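Reading the structure
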Amino acid sequence: MRTCTLGILSDIHYAGAAEQARGRDYELRAIARPLVRAGATAFRRFVWRRNPFAGNARLEQFLQRAGGFDYVIANGDYSCDSAFVGLSDEAACQSARECLGKLRQRFGGRLRVNYGDHELGKLSLFSAHGGLRLASWHRARTDLGLSPLWRLDLGRYVLLGFVSSLVALPALAGDMLPAERPEWERLRQEHLAEITAVFAALRPDQRMLLFCHDPTALPFLGREEVIRARLPQIELTVIGHLHSNLVLWQSRLLAGMPPLGGLGRAVRRFSTALNQARQWRPFRVRLCPALAGIELLKDGGYCTIQLDPEARQPLRFQFHRLRGAGAGGGDYKKG
Ligand SMILES: [Fe+2]
């Protein structure tokens, strides 16, 4: 079997016409306190993303450049989630539908699609708006045809994608509506059983590549005995969600910090995730940055993995910048 090339893109945050009509400052308008709004404005402008609709142009750029991939994996977050309730919002659903439509048209049956947290809804970072919605879960499946679990076998490699928000549900308690909580917990148990069944059936000579949008899920996977026993077989876990390697490095620096209370639910959720970040290590995490990167570093792009199905050669993981001359990046070699 010849070498396979996987193309990976994440956090596209595409904006269809209805989300664009809400204006670029949709998140800032939701903030009631002027001081918080001023801080958030500066953060958006200089650090995170000046234009939240920048993902559209980057997607077109990716589609033009992407070629020669045997498979393409989209690692979550297809809309801007400008109402903060995921795909249950018609405008966000329209964005995700357009975004996935473009990818499906280009890659057809070679495309595998993961859920991001913004598909299901997410509390705004700076205000108390939004959160997980069961209606978004149902819409992802019925309207967009997203499969919660997918598996692709390439020789000795098993590639597995799953819903990180479901696995990490205990860390997202504040994002759920109380009436929906029992159903979310039932869905989580069902999903965990599906994931552990894949690990349980793994042969000793097989290797795994995990695709997981939000790394907050990884410590929860590691608590499952069946998975813990097979951690050495995980060759690589590709995450998204953090948007930039700068955030991944910061996460490693802050790993083990105590959870911060009293600064809002979003800060508590983020600091709780960092508290557990040391447990990401056995999963051999690599980040696929947001397609548009962050404002501070302008580091948007996509990743590729070259894989020998017989596992005679080490995996080769590469980042490809979408703007500027500095294309290329760190290779990944096992060991
Ligand atoms: Fe994202």
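Residues numbered from 1 in each chain as written. Predicted model: local features only at pLDDT ≥ 70, side-chain atom pairs only at ≥ 80, totals over all residues.

1. Quick look at the overall build of the chain
A tally of helices and strands in the chain yields 13 helices and 10 strands. Here the chain holds 335 residues, and the buried ones make up 44% of them. Sequence separation of 24 or more characterises 74% of the internal contacts of the chain that already satisfy a separation of 6 or more. (Helix = DSSP H or I, 4+ residues; strand = E, 2+ residues; numbered from the N terminus. Buried ≥ 20, exposed ≤ 12 C-beta atoms within 10 Å, placed from the backbone. Contact = placed C-beta atoms within 7 Å.)

2. Description of the nonpolar core
Counting residues in hydrophobic clusters, the biggest one holds 83 residues, and the most contacted among them are I8, L9, C99, V167, L210, L291 and Y302. Excluding anything up to four places from it in sequence, I8 contacts I73, N75, V238, C288, Y302, C303, T304 and I305. (Core = buried A, V, L, I, M, F, W, Y, C linked by C-beta atoms within 7 Å.)

3. As for the pairing of strand β4 (residues 150–154)
Two strands pair when backbone bridges link them, and β4 and strand β5 (residues 157–161) are joined in this way by five bridges, in the antiparallel orientation. Residue pairing across strands places L152 opposite L159, the latter belonging to β5. Taking the residues that link successive antiparallel strands as the turn, the β4-β5 hairpin has two residues, and the phi of G155 there is positive, at about 60 degrees. (Pairing = 2+ DSSP bridges.)

4. What to know about helix α9 (residues 181–200)
The end-to-end C-alpha distance of α9, which contains 20 residues, comes to 28 Å, matching closely the 28 Å that a straight helix rising 1.5 Å per residue would cover. Listed as buried for α9 are W184, I195 and F199. Here the buried residues of α9 occupy an arc of 50 degrees about the axis, which is enough to place them on one side. Projecting away from the buried face of α9 at angles above 90 degrees are the exposed residues P182, E183, R186, Q189, E190, A193 and A197. In this fold, the buried residues of α9 make contact with α11 (225–229). (Expected span 1.5 Å × (residues − 1). Arc of directions from axis to C-beta.)

5. With respect to the sheet that holds β5
Read from one edge to the other, the open sheet built from five strands follows the order β4-β5-β6-β7-β8, with strand pairing classed as mixed. Of all the strands in the sheet, just β4 and β8 (285–287) have a single pairing partner and so form its edges. Mean inter-strand twist for the sheet, computed between neighbouring axes without regard to direction, equals 20 degrees. Bridge analysis of strand β6 (residues 207–212) against strand β7 (residues 234–239) gives five bridges, and the strand direction is parallel. Each bridged residue has a counterpart across the sheet, and for C212 the counterpart in β7 is I239. (Axes fitted to C-alpha atoms, helices over the stretch in contact; angles between N-to-C directions.)

6. Some words on the environment of I227
Relative to the helices and strands, I227 resides in helix α11. Contacts of I227, omitting those with residues within four sequence positions, involve T196, F199, L221 and G222.

7. Structural notes on the sheet that holds strand β3 (residues 111–113)
An order of β3-β2-β1-β9-β10 is seen for the five strands of this open sheet, with the pairing classed as mixed. The open sheet has two free edges, formed respectively by β3 and β10 (316–321), since each of these has just one partner strand. Sheet twist, expressed as the average angle between the axes of neighbouring strands with direction ignored, equals 20 degrees. In this structure, strand β9 (residues 301–307) lies alongside β10, joined through six bridges in antiparallel fashion. Looking across to β10, one finds that C303 is bridged to F319. Its contacts with the sheet place helix α5 (residues 90–107) against β2 (71–74) and β3, and it is angled at close to 150 degrees to β3.

8. Here we look at unusual backbone geometry
Even without being glycine, D11 reaches a positive phi, approximately 50 degrees. Here D11 lies in the loop between β1 (4–9) and α1 (17–20).

9. Concerning the pairing of β6
Burial runs high along β6: six of the six residues are buried. Alternating positions in β6 separate into two faces, R207, L209 and F211 on one and M208, L210 and C212 on the other, with burial throughout.

10. Some details on helix α4 (residues 55–65)
Every buried residue belonging to α4 is among G55, N56, R58, L59 and F62, and all of these are buried. All buried residues of α4 fall inside an arc of 165 degrees around its axis, so they share one side. In this structure, α4 carries E60 and Q64 as exposed residues pointing more than 90 degrees from its buried face. As for α4, its buried residues are in contact with β1, α5 and β9.

11. A closer look at the environment of A91
Structurally, A91 can be placed in helix α5. Placed 76 residues apart in sequence, A91 and A15 show a C-alpha to C-alpha distance of 8.7 Å. Setting aside its immediate chain neighbours within four residues, A91 contacts G16, A18, E19, R22, S82 and A83.

12. Considering the confidence of the model for the chain
Residues with a pLDDT of 70 or more make up 88% of the chain, whose mean pLDDT is 88. The low-confidence segment residues 324–335 (pLDDT under 50) makes 20 contacts with residues lying over four places distant or belonging to another chain. (pLDDT = per-residue confidence, 0-100.)

13. Here we look at the environment of A96
Looking at the secondary structure, you find A96 in helix α5. Under the C-beta neighbour-count criterion, A96 is labelled buried, with 31 such atoms within 10 Å. Between the C-alpha atom of A96 and that of D81, which follows or precedes it by 15 residues, the distance is 9.2 Å. Not counting residues up to four positions away in its chain, the partners in contact with A96 are Y78, S79, L87, E119 and L144.

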